[in-house]
Structures are given as structure tokens and as C-alpha cells.
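So the chains spell out like this:
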Amino acid sequence: MNEIELKNRFLDFLNLNPKNDFFGNTSNRNEKYIEIKNEALNRKFDFILAACKTKKHKIKDIRNRRIVMDDDLKNIFVRRMLLKTISESYKINIQKISIYPIEIKSNKDKLDNRLANQVIEAILSFGRSIVILDSKHASKITKNGLEKILPSTLIGYSDETDEFAVINRHDRVYSDSLLNINKLTLIKMLEKTDCNINLTRLYNNLRRLQSIHQKL
């Protein structure tokens, strides 16, 4: 199969198997999957998939500072402009959607260093990465024991059973900014220098830069 054929087979498998555990969503039986865009973000990803969940977040709970937020909710705050655009375009409640950038490697593709770059791009853009491997790649990476090397959820296809299965699950959603600043670490680092710096002002300026980076 080529990439398009493998992608279409995966989407068909999703719709025919609503109790799948590809995205760690076994508690949400009524999810709806929407294919957002092919060759997304200047061809960085093969396609972007949206999973619409039935789980609801109450607005008053979101505003409560003591709430223990899950990764998807944190992701909304960090990538709110991106998710808001998708939400408005497809008329989906932003609290109900999870976005998955997906890279596809068919048997006709080679696995090389480009895959690592694609996974990094996915994490920086969406906080997570999903890679779908055709039968040959899935079998090879499992036999070599290399499935846990990438910070990505790997889903493999079996041509013998015509089914998809999770090879490696990477549940973490990277919702923090690259410029995430720890104030204590910053103070300890500057204490070792002779610079006369207003720590509070420096920290506040770095936080502003972090906010700008998140919005961008």
C-alpha cells in the first residue's frame, strides 16, 4: 500500500472499531473522528485527525485555580489559538476535541532521520505525535526492540489480520512552552554570577516572552 491507501484503511478501521484504544480513550465510546487536513502545516504532517470526545469540562471548573487539569485541557491553554481556529472551522466545542498530528510510513517508504524531525515538529506544534507503520516497518521495529526510542505513539498495521494495533504508547502531552522558566532555578543560576540584576523584573520579562511564544 502507499500512504493514501494506508491512511484510508486506518480511518475505516477507526470507524468500524469505536472501542479502539489508539488514543487512550477506552472510556469514551462515542467519539467522532474528523480528518482535518492532509499534508498539513506546509507538508510537515501527512494528516491531522480530530477526536471529538463526549467528556465535558465545566467552565466554572476551568476557572477554578485548584482544578487538576488533564493534558488535553492544558493543551487548550497553551495552543488555544490553533485549537480555536480548528474549533471554529469545524463547528466543534473546543473542550471536546483532541488534535492528533499523524505521520504515515507505508511499506514503500524508508525509515530514516526524517522521521525523528517529523516527530519533533509534531510535538512542538501539537504537543504529541502519532506514527502509523505499515506491516513491514511494524514487524521490523518490534523485532529490533526499537519501538520505545521515539516519544511517539506507534500504531502498526498487520496485513495478515488486516488490523491495526498499538506497538508503543506515549501518553504524555507536552503542554509546556520551550521557554518554561523555573524561578528558583533562575535565581540559583544567577547567584553564581557577579551581575547586578533585578530578578523579579527579569523573571517577569521572561514570562512575557513565554506567553508570546505560546501565542505564536
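Given the structure is predicted, the values throughout are model-derived calculations rather than measurements.

Undergrad: Tell me about the overall build of the protein, residues and numbers included.
TA: From N to C terminus, the protein includes nine helices and six strands. Within the span of the protein, comprising 216 residues, buried residues form 38% of the whole. Pairs at least 24 apart in sequence give 58% of the contacts found in the protein among residues at least 6 apart. By element, 50% of the accessible surface of the protein is carried by carbon and sulfur atoms, the whole surface being about 13700 Å².

Undergrad: Tell me about the confidence of the model for the protein, and please be specific about residues and values.
TA: With 69% of its residues at a pLDDT of 70 or more, the protein has an overall mean of 77. Per-element confidence in the protein is highest for strand 5 (residues 153–158), whose mean pLDDT is 95, and lowest for helix 3 (residues 59–63), whose mean pLDDT is 54.

Undergrad: Talk me through the environment of Thr161; I want residue IDs and the actual numbers.
TA: Relative to the elements of secondary structure, Thr161 occurs in the loop between strand 5 and strand 6 (163–168). At 3.3 Å, the side chain of Thr161 forms a polar contact with the side chain of Ser158.

Undergrad: Which residues make up the packing of aromatic side chains, and what are the values?
TA: Ring pairs (aromatic) are described by centroid distance and by the angle formed between their planes. Summed over the entire model, instances satisfying the criterion amount to seven aromatic pairs. A centroid spacing of 5.3 Å and a plane angle of 75 degrees characterise the contact between Phe10 and Phe164, whose relative ring orientation is edge-to-face. Of this pair, Phe10 sits in helix 1 (residues 3–16) while Phe164 sits in strand 6; the two residues are 154 residues apart in sequence, bridging distant segments of the chain. This pair shows no difference in class: Phe10 is buried, exactly as Phe164 is. Ring pairing ties together the aromatic residues Phe10, Phe13, Phe22, Phe23, Tyr100, Tyr157 and Phe164, which thus form one cluster.

Undergrad: Describe the pairing of strand 6, listing the residues and the values that go with them.
TA: Bridge count between strand 5 and strand 6: five bridges; the pairing is antiparallel. Bridge pairing in strand 6 places Ile155 opposite Val166. Here strand 5 folds back onto strand 6 in antiparallel fashion, the turn holding four residues, of which Asp162 has a positive phi close to 55 degrees.

Undergrad: Outline the pattern of salt bridges, listing residues and values.
TA: Any two side chains of opposite charge can pair, given that their charged atoms come close. Taken as a whole and judged by the stated rule, the model has four salt bridges. Across the salt bridge formed by Arg9 and Asp162, the nearest N and O atoms sit 3.4 Å from each other. Of this pair, Arg9 sits in helix 1 while Asp162 sits in the loop between strand 5 and strand 6, and the two are 153 residues apart along the sequence. Residue Asp162 is classed as partly exposed on the basis of its relative accessible area of 41%. Two residues, Lys105 and Glu103, come together in a salt bridge whose shortest N-O distance is 3.9 Å. Here Lys105 matches Glu103 in class, with each residue buried.

Undergrad: Residues and numbers for helix 1, please.
TA: The terminal C-alpha atoms of helix 1 lie 20 Å apart, and with 14 residues this matches the ideal 20 Å at 1.5 Å per residue to within 8%. Of the positions making up helix 1, those classed as buried are Leu6, Lys7, Phe10, Leu11, Phe13 and Leu14. Each buried residue of helix 1 sits inside an arc of 160 degrees when the element is viewed along its axis, so together they form one side. In this structure, helix 1 carries Ile4, Asn15 and Leu16 as exposed residues pointing more than 90 degrees from its buried face. Two or three places before Ile4, at the start of helix 1, stands the capping residue Asn2, its side-chain oxygen 3.2 Å from that residue's backbone nitrogen.

Calculation criteria
Residues numbered from 1 in each chain as written. Predicted model: local features only at pLDDT ≥ 70, side-chain atom pairs only at ≥ 80, totals over all residues. Heavy atoms only, no water. Helix = DSSP H or I, 4+ residues; strand = E, 2+ residues; numbered from the N terminus. Buried < 20%, exposed > 50% of the residue type's maximum accessible area, 1.4 Å probe, protein only. Contact = heavy atoms within 4.5 Å. Areas by Shrake-Rupley, 256 points an atom, 1.4 Å probe, with all protein chains shown as cover. pLDDT = per-residue confidence, 0-100. Polar contact = N/O pair within 3.5 Å; in protein donor to acceptor, adjacent residues only side chain to side chain. Phe/Tyr/Trp six-rings, centres within 6.5 Å; stacked < 30°, edge-to-face > 60°. Pairing = 2+ DSSP bridges. Salt bridge = Lys/Arg side-chain N within 4 Å of Asp/Glu carboxyl O. Expected span 1.5 Å × (residues − 1). Arc of directions from axis to C-beta.

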